[in-house]
Amino acid sequence: MDSSEFPALGYGVGLRRPHYSRVIDDHPHIDWFEIISENFMVDGGRPLEVLEAVRRDYPIVMHGVSLSVGSTDPLNRDYLGCLLELARRFEPAWISDHLCWTGAGGHNLHDLIPLPYTEEAIRHVAGRVRVVQEILGRRILLENISSYMTFRASTITEWEFLAAVAEQADCGILLDLNNIHVTAFNQGFDPIDYIDAIPAHRVAQFHLAGYSDHGDYLLDTHDHPVSAAVWRLYEYAVRRFGPIATLIEWDDHIPEFAVLAEAAEEARMRAACDSAPGLM
Ligand SMILES: [Fe+2]
């Protein structure tokens, strides 16, 4: 993958409804925004007006939740058509979705469900990603999800699965460090093993977010600040993958914009320290 295809955009935050006025009126200092693609697949109205205004001043990335690339249902061509239309209009730096499935048999579970990690599933998902990339006319990024269960049928680790899908599909990776931390805690593996196994040339973006601690398990709720453990993991990841585009995700109990902007600045500061020459 050519690194110019996925430029280091800097330190961004998710564009969320409570911050629309603040962003448009005050033009805050932030490098870029990530949008949830489905929130803008509408015929008109305020969301698209807001996005027009934001796009005039900032780079954006389109992040989807409905691709269901791991499902056995046929790919949703209508959805992909809407995604392509949105991308043509707003020219995102790239398009991403998740390495998961969200339904089967025409039923949508409205959740991101993990796959069994097998050779058969690698071939299945990679083939579908290639079709998606042909339709969209560009490489996409696939993000690792948080999970709370594993399949008995799995024959390899999640990180081996993610790396193999990315290689066979020739796509990029959006590495969510909070998701790695949450899944590692819930399933009892070392998150460093995960990061060390991911091909560096495939990784184009990081996600950082907060989780809820339920004692014997962690829940990926995106409603807390980034934890100290995830910041440490981020610093490790920057040493391995470089200061690539980094995004603060916050989707529930959304605080004032300044809180998100401060977290993005903290990522910038930590990345600057950890990507400095001589620190590898
Ligand atoms: Fe994420």
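For the structure itself, consult the block above.
Quick look at the structure, then. (Residues numbered from 1 in each chain as written. Predicted model: local features only at pLDDT ≥ 70, side-chain atom pairs only at ≥ 80, totals over all residues. Heavy atoms only, no water.)

**A word on helix α3 (residues 77-90)**
Taking 1.5 Å of rise per residue, 14 residues should cover 20 Å, and α3 covers 20 Å from first to last C-alpha, within 8% of that figure. Taken together, the buried positions of α3 are occupied by Y79, L80, L83, L84, L86, A87 and F90. Around the axis of α3, the buried residues are gathered within 165° of arc, so they sit on the same side. Opposite its buried face, α3 presents the exposed residues R77, D78, E85 and R88, each directed more than 90 degrees away. Check the buried side of α3 and you find it contacts β2 (33-36), α2 (46-57), β3 (60-63), β4 (95-98) and α4 (119-136). Capping the start of α3 is the job of one residue whose side-chain oxygen sits 3.1 Å from the backbone nitrogen of D78: N76. A positive backbone phi angle near 45° is found at E91, which sits one or two residues after α3. (Helix = DSSP H or I, 4+ residues; strand = E, 2+ residues; numbered from the N terminus. Expected span 1.5 Å × (residues − 1). Buried < 20%, exposed > 50% of the residue type's maximum accessible area, 1.4 Å probe, protein only. Arc of directions from axis to C-beta. Contact = heavy atoms within 4.5 Å. Polar contact = N/O pair within 3.5 Å; in protein donor to acceptor, adjacent residues only side chain to side chain.)

**Quick word on the pattern of salt bridges**
According to the stated counting rule, one finds 11 salt bridges in the structure shown. In this structure, the salt-bridge partner of D170 is R139, at a minimum N-O distance of 3.0 Å. With D170 in the loop between α5 (158-169) and β8 (172-176) and R139 in the loop between α4 and β7 (141-143), this pair connects stretches of sequence that are 31 residues apart. The partly exposed category is assigned to D170, whose relative accessible area is 25%. In this structure R139 comes out as partly exposed when scored by relative accessible area, which is 21%. Between E167 and R202 there is a salt bridge, with its nearest N and O atoms 3.2 Å apart. One end of the pair, E167, is in helix α5; the other, R202, is in the loop between α7 (191-197) and β9 (203-208), and 35 residues separate them in sequence. Judged by its relative accessible area of 36%, E167 is partly exposed. The class of R202 is buried, set by a relative accessible area of 6%. One salt-bridge network, in which partners are shared between bridges, spans E5, R139, E167, D170 and R202. (Salt bridge = Lys/Arg side-chain N within 4 Å of Asp/Glu carboxyl O.)

**A short note on the coordination of the iron ion**
Ideal values for angles at a metal depend on the geometry: 109.5 degrees with four tetrahedral donors, 90 or 180 degrees with six octahedral donors. For the iron ion, the protein coordination sphere consists of E143 (OE), D176 (OD), H207 (ND1) and E249 (OE), at 2.0 to 2.3 Å. Viewed at the metal, the four donor atoms of the iron ion are separated by angles of 87 to 179°, and the geometry they form is irregular. Donor residues for the iron ion, ordered by position in the chain, follow E-x32-D-x30-H-x41-E. Note that D176 is positioned in strand β8 and E249 in the loop between β12 (245-248) and α9 (257-274), a separation of 73 residues in sequence. (Donors = N, O, S within 2.8 Å, 3.2 Å for Na, K, Ca; no water. Tetrahedral: all angles 85-135°; square planar, octahedral: opposite > 155°, others 65-115°.)

**Concerning α5**
Between the first and last C-alpha of α5 there are 16 Å, a value that for 12 residues agrees with the 16 Å anticipated at 1.5 Å per step. At its buried positions, α5 is contacted by α4, β7, β8, α6 (177-187) and α7. Where α5 terminates, the next one or two residues include D170, which has phi positive at roughly 55°.

**Focus on unusual backbone geometry**
A positive phi angle, close to 55°, is found at D170, a residue other than glycine. Non-glycine residue H222 carries a positive phi angle of around 55°. Residue classification places H222 among the buried positions, given a relative accessible area of 11%.

Read these as layout, nothing more, since geometry by itself doesn't imply function.
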